[in-house]
Amino acid sequence: VSGSNRLRFLCSLRLFQKFDNFRILVCGGDGSVGWVLSEIDKLSLHKQASCQLGVLPLGTGNDLARVLGWGGSCDDDTQLPQILEKLERASTKMLDR
């Protein structure tokens with residue numbers, strides 16, 4: 001993530017401090033998910049009532065998405081509406097970090 005995009009994301013992430021419940025969709029791989037989770041931890045957003053994170057596997061590793069049952073890649077953009085519907089109905093799983 002470039003410097004300006006990183007700053008824009010962090011400013012956007014701070015907006016979630018005003019909400020009790022929210023969801024974030026990370027479009028990337030394990031590195032992107034790890035980075036977003038670290039930023040969520042820094043802002044203490046994980047302590048809010050409902051902080052949910054979804055993963056659209058667009059990275060090279062995608063081990064977390066694979067383990068959670070989302071598959072190892074999302075390379076067919078025609079399937080995006082169905083994937084988003086599946087994410088909307090997905091059950092929540094607790095992660096130990």
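Attention here is on the structure that accompanies the text. (Residues numbered from 1 in each chain as written. Predicted model: local features only at pLDDT ≥ 70, side-chain atom pairs only at ≥ 80, totals over all residues. Heavy atoms only, no water.)

1. Points about the packing of helix H1 (residues 3–15) against helix H2 (residues 30–42)
- With their axes 11 Å apart at the nearest point, H1 and H2 run at an angle of 45° to one another. Classified by the angle their axes make, H1 and H2 are oblique. Here H1 runs over H2; the crossing is right-handed. Contact residues: Arg-6, Phe-9, Leu-10 and Leu-13 in H1; Trp-35, Val-36, Glu-39, Ile-40 and Lys-42 in H2.
- Per-class residue counts for the contact of H1 with H2 are six nonpolar, no polar and three charged. (Axes fitted to C-alpha atoms, helices over the stretch in contact; angles between N-to-C directions. Helix = DSSP H or I, 4+ residues; strand = E, 2+ residues; numbered from the N terminus. Parallel < 35°, antiparallel > 145°, perpendicular 65-115°, else oblique. Left-handed = near helix turned anticlockwise from the far one by under 90°. Contact = heavy atoms within 4.5 Å. Nonpolar A, V, L, I, M, F, W, Y, C, P; charged D, E, K, R; others polar.)

2. Some words on the nonpolar core
- The biggest cluster of nonpolar side chains holds twelve residues, and these are Leu-13, Phe-22, Ile-24, Val-26, Val-33, Val-36, Leu-37, Ile-40, Leu-43, Leu-45, Val-55 and Ala-65.
- Of all the secondary-structure elements, those providing two or more residues to this core are strand E1 (21–28) and H2.
- Among the elements that make up this core, the one with the highest residue count is H2 (four residues).
- The residues contacting Leu-43, other than those within four sequence positions of it, are Leu-13, Arg-14 and Gln-17. (Core = buried A, V, L, I, M, F, W, Y, C linked by side-chain atoms within 4.5 Å. Buried < 20%, exposed > 50% of the residue type's maximum accessible area, 1.4 Å probe, protein only.)

3. Notes on the side chain of Asn-62
- Within the secondary structure layout, Asn-62 lies in the loop between strand E2 (50–57) and helix H3 (63–67).
- Setting aside anything within four residues of it in sequence, one finds Asn-62 in contact with Gly-28, Gly-29, Asp-30, Pro-57, Gly-71, Gly-72 and Ser-73.

4. Regarding a nonpolar patch on the surface
- A surface patch of nonpolar side chains, amounting to about 220 Å² of accessible area, comprises Leu-25, Leu-80 and Leu-84.
- Topologically, Leu-80 is positioned in helix H4 (residues 80–89). (Patch = residues over 30% accessible without salt bridge, like charges linked within 9 Å, V, L, I, M, F, W, Y side chains within 5 Å. Areas by Shrake-Rupley, 256 points an atom, 1.4 Å probe, with all protein chains shown as cover. Salt bridge = Lys/Arg side-chain N within 4 Å of Asp/Glu carboxyl O.)

5. Quick notes on the pairing of E1
- Burial along E1 is one-sided: the residues Phe-22, Ile-24, Val-26 and Gly-28 are buried and none of Asn-21, Arg-23, Leu-25 and Cys-27 is.
- Of the pairings in the sheet, the one linking E1 to E2 comprises eight bridges and is parallel in character. Within E2, the residue paired with Ile-24 across the bridge is Leu-53. (Pairing = 2+ DSSP bridges.)

6. Points about the environment of Lys-47
- Along the chain, Lys-47 turns up in the loop between H2 and E2.
- Classification of Lys-47 as exposed rests on a relative accessible area of 65%.

7. Let's talk about the packing of aromatic side chains
- Scanning the model with the defined rule gives two aromatic pairs in all.
- On the numbers, 4.9 Å between centres and 40° between planes, the contact of Phe-9 with Trp-35 is tilted. With Phe-9 in helix H1 and Trp-35 in helix H2, this residue pair connects regions lying 26 residues apart in the sequence. (Phe/Tyr/Trp six-rings, centres within 6.5 Å; stacked < 30°, edge-to-face > 60°.)

8. Notes on the side chain of Glu-39
- Mapped onto the secondary structure, Glu-39 falls in helix H2.
- Judged by relative accessible area, Glu-39 falls into the buried class, the value being 6%.
- Here Glu-39 is in contact with Arg-6, Leu-10 and Leu-13, once residues within four sequence places are set aside.

Just geometry here; none of it tells us what the structure is for.
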